[in-house]
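Each chain, letter by letter, is given below.
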Amino acid sequence: MGFARTCSVALVGVEGVVVEVQADLEPGIAAFTLVGLPDKSLVESRDRVRAAVVNSGADWPQKKLTVGLSPASVPKSGSGFDLAVACAVLGAAERIDPRVLADIVMIGELGLDGRVRPVRGVLPAVLAAADAGYEQVVVPECTAGEATLVPGVSVLGVRSLRQLIAVLTDQPVPDEPPDDRGRPDPMLAGLSVPGSGAGLGLGGPSNDGHAMDLADVVGQTSARTAIEVAAAGGHHLMLSGPPGAGKTMLAERLPAVLPPLTRAESLEVTAIHSVAGMLPPGKSMIDTAPYCAPHHSSTMQSLVGGGPGVARPGAVSLSHRGVLFLDEAPEFSHQALDALRQPLEAGHVVIARSAGVVRLPARFLMALAANPCPCGQFRALGGECDCPPASVRRYQARLSGPLLDRVDLRVEVDAVTRSELSGHAPRGESTQVVADRVRAARERAVARLADTPWRTNSEVPGHALRTRWPAAPGALDEAEMDLERGFLTARGLDRVLRVAWTVADLSGRDRPFAQDVALALQLRTGISRGVPLMIGAAS
């Protein structure tokens, strides 16, 4: 009888659980039994592993073989256990010393010829291994860069099972030449879901290689101010106006205004995209704010996450620490839009399925774009709206009050005039200039919130803002009057105060004054408060 064990990782959402892979050989009729709550793709590993071991030059044990995955109560899916199963079997057959395998975590799929193919979710898997105290990890060679992002872990990238056997048995490592016939590397196919990136609009807006600049947007002073405030404080934004006014142009330029991700944020974002199979080709770490623009026909599951079995990340998680842009927002289903209310408030989404409960991060900046009516010409200058009043009311009511109450900035985008298009109007500031101001404002907020769990003004609870960082005397008088009149809810008052702090940070003030609160109220309600819609103009 022979026994050996090694380790691999099972992914539940974007979190990993270290799984012990045990192999036991007993005399009897040759059979291969896999136990431990495997799914269909994992059950098929029996045939993949057998073929890979034989084609790697090792003998397959002709005995009764039982492979157990422990803990057995955790659902296990995917082909990432192949490498660990193969090595555990070879250890039980004494082809490899079982003592060498016990403290190694192995992640990778095996081809029938013994090649080690990459799998999705390597980064969160290695993070889970490091948290569990393991110091040695074996991964496919093409994902070694992703695995090395985790500090304190020794990473071995292998191209084939033959190479791994040679390393574990202290033999010369055979050379595995890459496929250099000019075709795309088939080994990279396991890292992406076909069509998924294009379907969700991931990887940033594209403009045929032309760098998107805020200076390209003609006019729209109030909307540009709202973009800057949204980026500086992480506030949700809604742009409404007629077609062709520039709503989509403004939203597409928002990610470039956001500051670069910190290392901790980059690891979070990269882990989510790795699980979803949406890491950019040749890039092991995402260091810029992600951008996700799903189509208005997207289902609730595609937005918040879900699917059969263990829930997978949706658009709200894929835009974590970035921008979720919902163009033609009233055209989304009512169910899908209302499902956003909880992640907007909490910064995460909890999905309960029969296979378990998954908590996915979802702290994103939401940008909504909407026409004022089905034809888009309602209240447009010179426009002729043919929509009946009842149709206009129904269209605008598709965005529910509780959802809009969570949107800090609501700006009317007017149609561009002829003089602005002809170039007579002054050109707006570039993305770089605005991004520098946003970065400075973020640094002021981070310094102020250094001893707290929050990093942006939009995350700070209203009670903390009112007690720990009070505004200037009399600054909130106008906002409190709006609360008494019913123009603002209690949540709305807190959000106005958060925006006022962001305006103060952008203007270089140490606390909000009356003009900062007035600008915040004007950006939220659309009612003129007698202050210019430009940062610093009221100083």
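Residues numbered from 1 in each chain as written. Predicted model: local features only at pLDDT ≥ 70, side-chain atom pairs only at ≥ 80, totals over all residues. Heavy atoms only, no water.

**Focus: the overall build of the protein chain**
Piece 1. Within the protein chain, the secondary structure is distributed over 24 helices and 16 strands.
Piece 2. In terms of overall dimensions, the protein chain has C-alpha extents of about 85 × 50 × 40 Å along its principal axes.
Piece 3. Each of the 539 residues in the protein chain was classed as buried or not, and the buried ones make up 50%.
Piece 4. Taking all contacts inside the protein chain whose residues are at least 6 apart in sequence as the whole, residues at least 24 apart take part in 71%.
Piece 5. Computing the positive centroid from 52 side-chain charges and the negative centroid from 58, the protein chain places the two 3 Å apart. (Helix = DSSP H or I, 4+ residues; strand = E, 2+ residues; numbered from the N terminus. Buried < 20%, exposed > 50% of the residue type's maximum accessible area, 1.4 Å probe, protein only. Contact = heavy atoms within 4.5 Å. Lys, Arg positive; Asp, Glu negative; His and termini not counted. Charge placed at Lys NZ, Arg CZ, Asp CG, Glu CD.)

**Observations regarding the packing of helix α22 (residues 477-485) against helix α23 (residues 490-507)**
Piece 1. Contact geometry of α22 with α23 gives a least axis separation of 10 Å together with a crossing angle of 165°. With respect to α23, the element α22 is oriented roughly antiparallel. α23 is crossed by α22, and the crossing has right-handed handedness. Mapping the contact onto sequence places Ala479, Glu480 and Leu483 in α22 and Ala490, Leu493 and Val496 in α23.
Piece 2. Counted by class, the contact of α22 with α23 contains five nonpolar, no polar and one charged residues. (Axes fitted to C-alpha atoms, helices over the stretch in contact; angles between N-to-C directions. Parallel < 35°, antiparallel > 145°, perpendicular 65-115°, else oblique. Left-handed = near helix turned anticlockwise from the far one by under 90°. Nonpolar A, V, L, I, M, F, W, Y, C, P; charged D, E, K, R; others polar.)

**Structural notes on the sheet that holds strand β11 (residues 291-292)**
Piece 1. The strand order across the open sheet formed by five strands is β11-β12-β15-β10-β16, and the pairing between neighbours is parallel. Of all strands in the sheet, those bounded by a partner on one side alone are β11 and β16 (409-412).
Piece 2. Summarising the sheet, strand β10 (residues 237-240) and strand β15 (residues 365-370) pair through four bridges and their orientation is parallel. Its bridge partner being in β15, Leu239 is matched across the sheet by Ala369. (Pairing = 2+ DSSP bridges.)

**Quick notes on the environment of Pro294**
Piece 1. Within the fold, Pro294 resides in the loop between β11 and α13 (300-304).
Piece 2. Each C-alpha atom of the pair Pro294 and Val316 lies 10.0 Å from the other, and the pair is 22 residues apart in sequence.

**Comments concerning the packing of helix α5 (residues 122-131) against helix α12 (residues 263-276)**
Piece 1. At a minimum axis distance of 7 Å, the contact between α5 and α12 shows a crossing angle of 120°. When the interaxial angle is binned, α5 and α12 end up oblique. Together, Val122, Leu123 and Pro124 of α5 and Leu267, Thr270, Ala271, Ser274 and Val275 of α12 make up the contact between the two elements.
Piece 2. Tallied by class, the residues present in the contact of α5 with α12 amount to six nonpolar, two polar and no charged.

**Topic: the pairing of strand β4 (residues 64-70)**
Piece 1. Pairing geometry for strand β2 (residues 15-26) and β4, over seven bridges, is antiparallel. The residue of β4 that forms the bridge with Glu26 is Lys64.
Piece 2. Sheet topology places strand β3 (residues 31-35) next to β4; five bridges connect them, and they run parallel. Each bridged residue has a counterpart across the sheet, and for Ala31 the counterpart in β4 is Lys64.

**Focus on the confidence of the model for the protein chain**
Piece 1. For the protein chain, mean pLDDT is 88; residues scoring 70 or higher make up 90% of the total.
Piece 2. Here residues 195-203 scores under 50 on pLDDT; set against residues more than four positions off or in separate chains, the count is 17 contacts. (pLDDT = per-residue confidence, 0-100.)

**Quick notes on the pattern of salt bridges**
Piece 1. Taken as a whole and assessed by the stated rule, the structure comprises 27 salt bridges.
Piece 2. The partner of Arg48 in a salt bridge is Asp82, with the nearest N and O atoms 2.7 Å apart. Here Asp82 lies in helix α3 (residues 82-92) and Arg48 lies in helix α2 (residues 45-55), a separation of 34 residues in the sequence.
Piece 3. On the basis of relative accessible area, Asp82 is assigned to the buried category, the value being 0%. (Salt bridge = Lys/Arg side-chain N within 4 Å of Asp/Glu carboxyl O.)

**A few points about the nonpolar core**
Piece 1. Counting 58 residues, the largest nonpolar core has Val229, Leu409, Trp469 and Val517 as the members making the most contacts within it.
Piece 2. The residues contacting Leu409, other than those within four sequence positions of it, are Ala226, Val229, Ala230, His235, His236, Leu237, Met238, Val499 and Leu523.
Piece 3. Core analysis: the second largest hydrophobic core is formed by 40 residues, Val21, Val49, Ala58 and Val116 among them. (Core = buried A, V, L, I, M, F, W, Y, C linked by side-chain atoms within 4.5 Å.)

**Considering α23**
Piece 1. The terminal C-alpha atoms of α23 lie 26 Å apart, and with 18 residues this matches the ideal 26 Å at 1.5 Å per residue to within 8%.
Piece 2. The element α23 is largely enclosed, with a buried count of 15 among its 18 residues.
Piece 3. Gly508 lies just past α23 and shows a positive phi near 80°. (Expected span 1.5 Å × (residues − 1).)

**What to know about the state of the cysteines**
Piece 1. Going through the model one piece at a time under the given rule, you end up with zero disulfides.
Piece 2. With no disulfide of its own, Cys87 lies closest to Cys7 among cysteine sulfurs, the gap being 12 Å.
Piece 3. The buried category is assigned to Cys87, whose relative accessible area is 0%.
Piece 4. For Cys373, which is in no disulfide, the shortest distance to another cysteine sulfur is to Cys375 and amounts to 3.5 Å. (Disulfide = S-S within 2.5 Å.)

**Section: the environment of Gly244**
Piece 1. The topology assignment puts Gly244 in the loop between β10 and α10 (247-252).
Piece 2. Look at Gly244 and you get exposed, because its relative accessible area is 76%.
Piece 3. In sequence terms Gly244 and Ala415 are 171 residues apart; their C-alpha atoms lie 7.1 Å from each other.

**A look at the environment of Leu161**
Piece 1. Relative to the helices and strands, Leu161 resides in helix α7 (residues 161-168).
Piece 2. We classify Leu161 as buried; its relative accessible area is 0%.
Piece 3. Distance from Leu161 to Val53, taken between C-alpha atoms, is 7.6 Å for residues 108 residues apart in sequence.
Piece 4. In contact with Leu161, other than residues within four places in its own chain, are Ala52, Val53, Ser56, Leu83, Ala86, Cys87, Leu110, Gly114 and Val116.

**Details of the side chain of Asp482**
Piece 1. When you line up the elements, Asp482 lands in helix α22.
Piece 2. A polar atom in the side chain of Asp482 sits 2.8 Å from the side chain of Arg529.
Piece 3. Beyond its immediate sequence surroundings of up to four residues, Asp482 is in contact with Phe487, Leu488, Leu521 and Arg529. (Polar contact = N/O pair within 3.5 Å; in protein donor to acceptor, adjacent residues only side chain to side chain.)

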